[in-house]
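# Notes for the structure review
One letter stands for each residue in the lines below.
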Amino acid sequence: MTRVAAVDCGTNSIRLLVADLDPATGELTELDRRMTIVRLGQGVDRTGRLADEALERTFAACREYAGVIRELKAERTRFVATSASRDAENRADFVRGVVEILGVEPEVISGDQEAEFSFTGATKELTGRDDLAKPYLVVDIGGGSTEFVVGEDRVRAARSVDVGCVRMTERHLVRDGEVSDPPAADRIAAMKADIEAALDLAEETVPLGEAKTLVGLAGSVTTVAAIALGLQEYDWSVIHHSRISLERVQEITDELLTSTHEQRAAIPVMHPGRVDVIAAGALVLRSIMERIGAQEVVVSEHDILDGIAWSVA
């Protein structure tokens with residue numbers, strides 16, 4: 001067994017996994033998994049820079065994670081940074097802060113690398129299941145980007161496109177610093193057009209239509225699943241590998257797009273940091289399912305974070 005720590009710093013959240021891994025058997029024993037909404041990508045689409053307050057929120061989470069890593073005595077740590085820090089012109093400030101706190105340099109990986117990690121994390125434990133046909137299409141809906149990966153036991157094709165729940169919300173649903181509540185039909189239509197254009201781009205590289213099983217990752221997908229399952233509190237063990245129908249995703253998306261901030265915040269499983277961006281994330285998921293004709297999505301709580309951990313081992 002090798003004890004490793006993996007950190008995934010995205011546009012909306014930063015997450016930590018400390019686990020014991022056995023590469024010989026493919027067994028991952030989770031010791032600590034946590035997530036903090038830091039909104040690192042706040043305003044990046046508009047300004048091209050990471051906001052000072054977003055950096056401080058992220059560094060505060062890093063300090064917490066450093067304590068956990070020390071306490072659990074992880075032998076190796078890998079820190080992967082995704083869309084927001086790829087786009088920012090002041091990314092050197094971000095890198096310097098992470099190194100000072102955690103002692104490792106954040107790797108600002110490409111979208112294709114993100115896709116590889118997501119696929120590994122999501123599908124490693126699906127091997128051998130005869131109820132899920134291959135090839136898989138793994139879709140990781142993040143804050144700033146969405147990764148599409150098609151493969152059987154290994155990745156066959158991958159593409160990252162700049163459509164995520166935070167980016168779509170800021171681009172289409174925010175006016176004068178406030179999220180439209182609920183958004184007007186023309187704003188929803190414009191967001192939908194952006195998503196469809198991104199799907200066109202993804203299809204240039206990834207044969208989306210060949211997928212037999214859609215596997216959905218990350219907070220937008222797991223939150224929609226938790227709502228669909230009627231959970232009164234978030235329970236990853238119930239959500240993991242649940243299968244949510246297209247019809248249910250369509251219903252939930254419509255409800256989220258026509259609800260107010262207060263109504264979304266009152267949903268028992270809604271993380272406070274997702275209240276304003278969940279409608280956009282749900283629309284991305286629904287659009288993907290409708291495009292490829294998927295009648296259900298298999299929801300995975302194991303994703304890029306688990307893939308990062310395996311890359312360390």
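Residues numbered from 1 in each chain as written. Predicted model: local features only at pLDDT ≥ 70, side-chain atom pairs only at ≥ 80, totals over all residues. Heavy atoms only, no water.

### Considerations on the state of the cysteines
Note: disulfide means a covalent bond formed between the sulfur atoms of two cysteine side chains. Tallying each qualifying case throughout the model produces zero disulfides. Looking at the unpaired Cys62, the closest cysteine sulfur is the one in Cys9, lying at 6.4 Å. A residue is classified by how much of its surface remains accessible, and Cys62, at 0% relative accessible area, is buried. (Disulfide = S-S within 2.5 Å. Buried < 20%, exposed > 50% of the residue type's maximum accessible area, 1.4 Å probe, protein only.)

### A few points about the domain arrangement of the protein
In terms of domain boundaries, the protein breaks down into domain 1 (2-113) and domain 2 (121-305). Across the boundary between the two partners, domain 1 contributes 25 residues, which contact 21 residues of domain 2. Regarding the contact of domain 1 and domain 2, the summed buried area is about 1,800 Å², with carbon and sulfur atoms giving 52% of it. If you sort the residues of domain 1 by the area they bury against domain 2, Arg15, Arg39 and Asp45 come out on top, with a joint share of 26%. At the junction of domain 1 and domain 2, the tally comes to one salt bridge. Across the domain 1-domain 2 interface, the total number found is four residue pairs in polar contact (both at pLDDT 80 or more). (Domains from an automatic or database assignment. Contact = heavy atoms within 4.5 Å. Buried area = accessible area lost by both parts, 1.4 Å probe. Salt bridge = Lys/Arg side-chain N within 4 Å of Asp/Glu carboxyl O. Polar contact = N/O pair within 3.5 Å; in protein donor to acceptor, adjacent residues only side chain to side chain.)

### Remarks on unusual backbone geometry
Most peptide bonds take the trans configuration, and most residues that are not glycine carry a negative phi. Cis geometry is adopted by the peptide bond preceding Pro135, which originates at Lys134 and carries an omega value of 5 degrees. Among the secondary structure elements, Pro135 is positioned in the loop between helix 5 (111-123) and strand 6 (136-141). The backbone of Lys73 sits at a positive phi, close to 60 degrees, despite the residue not being glycine. Although it is not a glycine, His241 sits at a positive phi angle of roughly 70 degrees. If you trace the backbone, His241 turns up in the loop between helix 9 (236-239) and strand 12 (243-245). (Helix = DSSP H or I, 4+ residues; strand = E, 2+ residues; numbered from the N terminus.)

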